[in-house]
Amino acid sequence: QILGVNHVYRKGSDVAEWPPKFGFDPEGFVTTLSAVLPMWLGMHVGKVWGLLKDPRSTLVHWAVLGSVLTLVGAVLSVWVPLNKRLWSPSYSLFMSG
């Protein structure tokens, strides 16, 4: 079973117990998606740069996108803490902004 308590790192016990005392998966599905987001946004920024001919509209687009991402990441950090080691979704959004 790929997604389960036996697949994550646990702290405090060698026994698989439910609920686990502490568990995280630094190379798991959620963290992989969170690491792909900045790459996709970088491709989007490059594509906008190539498509929009007016420098002002390009900068406005980037400023709005960055502000929205930063705000969403900050709001999401209330429920999902900013965590660089796990590339939490809130960290990924906030740092992409």
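Residues numbered from 1 in each chain as written. Predicted model: local features only at pLDDT ≥ 70, side-chain atom pairs only at ≥ 80, totals over all residues. Heavy atoms only, no water.

**Q** Can you walk me through the packing of helix α2 (residues 55-76) against helix α3 (residues 89-96) in this structure?
**A** Each pair of packed helices can be described by the angle between their axes along with the distance between the axes. It is the contact of α2 with α3, at a shortest axis distance of 7 Å, that shows an interaxial angle of 155°. With respect to α3, the axis of α2 lies roughly antiparallel. Helix-helix and strand crossings are classified by hand; for α2 and α3 the assignment is left-handed. Judged by residue contacts, Leu69, Thr70, Val72, Gly73, Ala74 and Leu76 of α2 engage Pro89, Ser90, Leu93, Phe94 and Ser96 from α3. In terms of residue class, the contact of α2 with α3 is built from seven nonpolar, four polar and no charged. (Axes fitted to C-alpha atoms, helices over the stretch in contact; angles between N-to-C directions. Helix = DSSP H or I, 4+ residues; strand = E, 2+ residues; numbered from the N terminus. Parallel < 35°, antiparallel > 145°, perpendicular 65-115°, else oblique. Left-handed = near helix turned anticlockwise from the far one by under 90°. Contact = heavy atoms within 4.5 Å. Nonpolar A, V, L, I, M, F, W, Y, C, P; charged D, E, K, R; others polar.)

**Q** Hey, could you run me through the confidence of the model for the chain in this one?
**A** Should pLDDT be low for a region, the predicted coordinates there are not to be read in detail. Looking at the chain as a whole, the pLDDT averages 81, with 68% of positions reaching at least 70. Model confidence for the chain, summarised as mean pLDDT per element, is weakest for strand β2 (residues 23-24) at 60 and strongest for α2 at 94. (pLDDT = per-residue confidence, 0-100.)

**Q** Would you mind showing me how to read the environment of Trp49 here?
**A** Relative to the assigned elements, Trp49 resides in helix α1 (residues 29-51). In sequence terms Trp49 and His61 are twelve residues apart; their C-alpha atoms lie 9.6 Å from each other. In contact with Trp49, other than residues within four places in its own chain, are Thr58 and Trp62.

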